Every structure is written in C-alpha cells, then in structure tokens.
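# Descriptive analysis of the structure
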Amino acid sequence: MRSITHFLPSERMRPDLLLLWREILPRYRDLRLLYLLETPWAIVTHTRQILRASPSFLAFGAANAEDAIVGKRPGEFLACVHSAGPLGCGTTEACRQCGAAQALAQAFHQGTPAHITTAFLLRAEGRIQAINAQVTVAPFHVGFTSFALFSLLPDN
C-alpha cells in the first residue's frame with residue numbers, strides 16, 4: 001500500500017535488493033573510479049536510498065563506515081530536522097522547498113541532471129545548525145534500474 005506524502009514517494013527498496021545492488025555496483029569500472037574523487041558523493045537508488053558513499057561524504061554525518069548508511073536517504077544520514085518524520089527524507093511539507101529533494105525529483109522523474117544551491121537544517125549534538133550547499137544529482141542506469149550520483153559541496 002502506498003503512503004500519502006507531501007512531496008516524494010515514501011516507498012523504499014527491499015533490504016535484500018539494497019544489499020544485492022551494493023555488491024553489484026563496484027563491478028562497474030566507471031563507478032569504481034568515483035572513489036578517486038575528493039568531492040563528497042553518494043550513489044542513491046530510485047527510492048533515494050544510499051548504496052555507496054565516498055569517505056568525504058561520510059564525514060558529513062555521524063557514521064564513519066559506508067555499511068552504516070546503506071538504506072538511509074541523504075537527509076536521514078545528514079540528520080536533517082525534517083527527515084525525522086515517520087515516512088523519512090523527502091516526504092514532508094518542508095521537503096517541497098528543499099533543493100536536494102527537488103534535485104532528486106528532477107533526476108529521477110525527468111531523467112536530467114540537476115544542480116541546485118540549498119540550505120539544510122541539521123540536528124547535531126542537540127543543536128540545530130544551518131548549512132548551505134551545492135547539490136548535484138546526475139541520474140544513470142544499470143540495466144533497467146535507475147540510480148543517481150548525489151554530490152554535496154558545502155558553501156564556505
């Protein structure tokens with residue numbers, strides 16, 4: 001049954017499929033090259049769940065190992081104050097204004113890359129912190145399955 005949300009769908013990929021894709025993707029040489037980049041990036045599924053991430057992306061959140069973030073959405077990993085709802089990142093009224101959610105929607109629904117400057121409200125150590133960042137989302141396919149490269153560069 002599909003849950004009603006205020007913006008993006010709440011459905012998530014089955015855990016067994018997440019783990020399967022997590023194992024399959026590194027076999028593609030082009031995707032292995034991503035680990036050479038210093039830019040913070042994550043590979044997300046069409047359900048906006050993280051499969052893989054660079055060490056520099058991991059530095060943004062509380063997890064320090066890639067395995068700890070598998071299945072989370074970007075806002076959930078970053079501890080966005082709006083992602084704590086029952087349906088998660090991308091589903092609240094506030095998510096309609098989020099540039100990251102808009103970029104993911106464009107990438108997956110229109111099949112085109114998106115580059116957006118946005119602000120995040122993050123909860124860290126009991127405090128709320130605002131950060132501005134450049135978000136780029138570039139869709140790609142492996143077989144008949146859609147993914148996207150999600151990169152995040154904080155504005156200084």
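Residues numbered from 1 in each chain as written. Predicted model: local features only at pLDDT ≥ 70, side-chain atom pairs only at ≥ 80, totals over all residues. Heavy atoms only, no water.

### Quick look at helix 1 (residues 15-24)
Those residues of helix 1 not exposed but buried are Leu18, Trp21 and Arg22. Within helix 1, the buried residues cover an arc of 105° as seen down the axis, which keeps them to one side. Next to the buried residues of helix 1 lie strand 1 (41-45), strand 2 (50-53), strand 4 (127-142) and strand 5 (145-154). (Buried < 20%, exposed > 50% of the residue type's maximum accessible area, 1.4 Å probe, protein only. Helix = DSSP H or I, 4+ residues; strand = E, 2+ residues; numbered from the N terminus. Arc of directions from axis to C-beta. Contact = heavy atoms within 4.5 Å.)

### Regarding the side chain of Thr47
Its location among the elements puts Thr47 in the loop between strand 1 and strand 2. Looking at Thr47, its side chain comes within polar contact range of the side chain of Thr45, at 2.7 Å. Those residues in contact with Thr47, other than ones at most four positions away along the chain, are Glu11, Arg12, Met13 and Arg73. (Polar contact = N/O pair within 3.5 Å; in protein donor to acceptor, adjacent residues only side chain to side chain.)

### Examining the nonpolar core
One recurring pattern in soluble globular proteins: nonpolar side chains tend to sit buried together. Ranked by size, the top nonpolar core spans 31 residues in total, and within it Phe120 and Phe150 carry the most contacts. Broken down by secondary-structure element, the contributors of at least two residues to this core are strand 1, strand 2, helix 3 (55-58), helix 4 (74-78), helix 5 (99-110), strand 3 (114-124), strand 4 and strand 5. At seven residues, the largest contribution of residues to this core is made by helix 5. The residues touching Phe120, leaving out its near neighbours within four places in the chain, are Leu78, Ala100, Gln129, Ala130, Ile131, Ala133, Val135 and Leu152. One finds Met13, Leu31, Ile43 and Val142 within the second-largest nonpolar core, a separate group that totals twelve residues. (Core = buried A, V, L, I, M, F, W, Y, C linked by side-chain atoms within 4.5 Å.)

### Overview of the pairing of strand 1
A regular strand places its side chains so that they alternate between the two faces of the sheet. When you tally the buried positions in strand 1, you get five out of five residues, the bulk of the element. The two faces of strand 1 match: Trp41, Ile43 and Thr45 on one face and Ala42 and Val44 on the other face are all buried. In this structure, strand 1 lies alongside strand 5, joined through five bridges in antiparallel fashion. When the sheet's bridge partners are listed, Ala42 is paired in strand 5 with Phe150. (Pairing = 2+ DSSP bridges.)

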